[in-house]
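Single-letter residue listing:
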Amino acid sequence: MLSALCRYPTKALRQYLAPERLDGAVVPVKSDMFSMGIVAAELLQRRHPASNLKKALGSEGKWASCIKNEQWTLEGVRSERLRLLIQRCLAFDHEGRPTTEEFL
């Protein structure tokens, strides 16, 4: 899967990349759980969870800062349980992200 990502410019996929992927590292499953959190938020609230997506996508540093400062808007996710799960997926530190079993 990583080789498929490498074919595209990082900027095109930045809004789905976990912070460790910006540094060229991959944490199996946990990096994907970050992306899953973004997709889940988009599906449930019909928008990206970044508070100011346009600004956050300006550079890798701004995107990393958005993640680190947890600048997420999840009011559109009505279920408290799902909101908390998505917040765990969007954790800056991969250790705080759920496993696939926990997510399911």
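Since the model is a prediction, treat every value here as computed from it, not as a measurement. (Residues numbered from 1 in each chain as written. Predicted model: local features only at pLDDT ≥ 70, side-chain atom pairs only at ≥ 80, totals over all residues. Heavy atoms only, no water.)

**Considerations on a nonpolar patch on the surface**
- A grouping of M36, V39, L43, L44 and L82 is seen on the molecular surface, where their side chains present a nonpolar patch of about 420 Å² in accessible area.
- Mapped onto the elements of the fold, L82 is located in helix α7 (residues 80-89). (Patch = residues over 30% accessible without salt bridge, like charges linked within 9 Å, V, L, I, M, F, W, Y side chains within 5 Å. Areas by Shrake-Rupley, 256 points an atom, 1.4 Å probe, with all protein chains shown as cover. Salt bridge = Lys/Arg side-chain N within 4 Å of Asp/Glu carboxyl O. Helix = DSSP H or I, 4+ residues; strand = E, 2+ residues; numbered from the N terminus.)

**With respect to the environment of Q87**
- Along the chain, Q87 falls in helix α7.
- Put simply, Q87 and A41 are 46 residues apart on the chain and 9.4 Å apart in space, counted from C-alpha to C-alpha.

**Topic: the packing of aromatic side chains**
- Under the defined criterion, the tally for this structure stands at 2 aromatic pairs.
- Ring centres 5.9 Å apart and planes at 75° place the aromatic pair W63 and W72 in the edge-to-face group. Each of the two residues, W63 as well as W72, counts as buried.
- Taken together, the ring pairs connect F34, W63 and W72 into an aromatic cluster. (Phe/Tyr/Trp six-rings, centres within 6.5 Å; stacked < 30°, edge-to-face > 60°. Buried < 20%, exposed > 50% of the residue type's maximum accessible area, 1.4 Å probe, protein only.)

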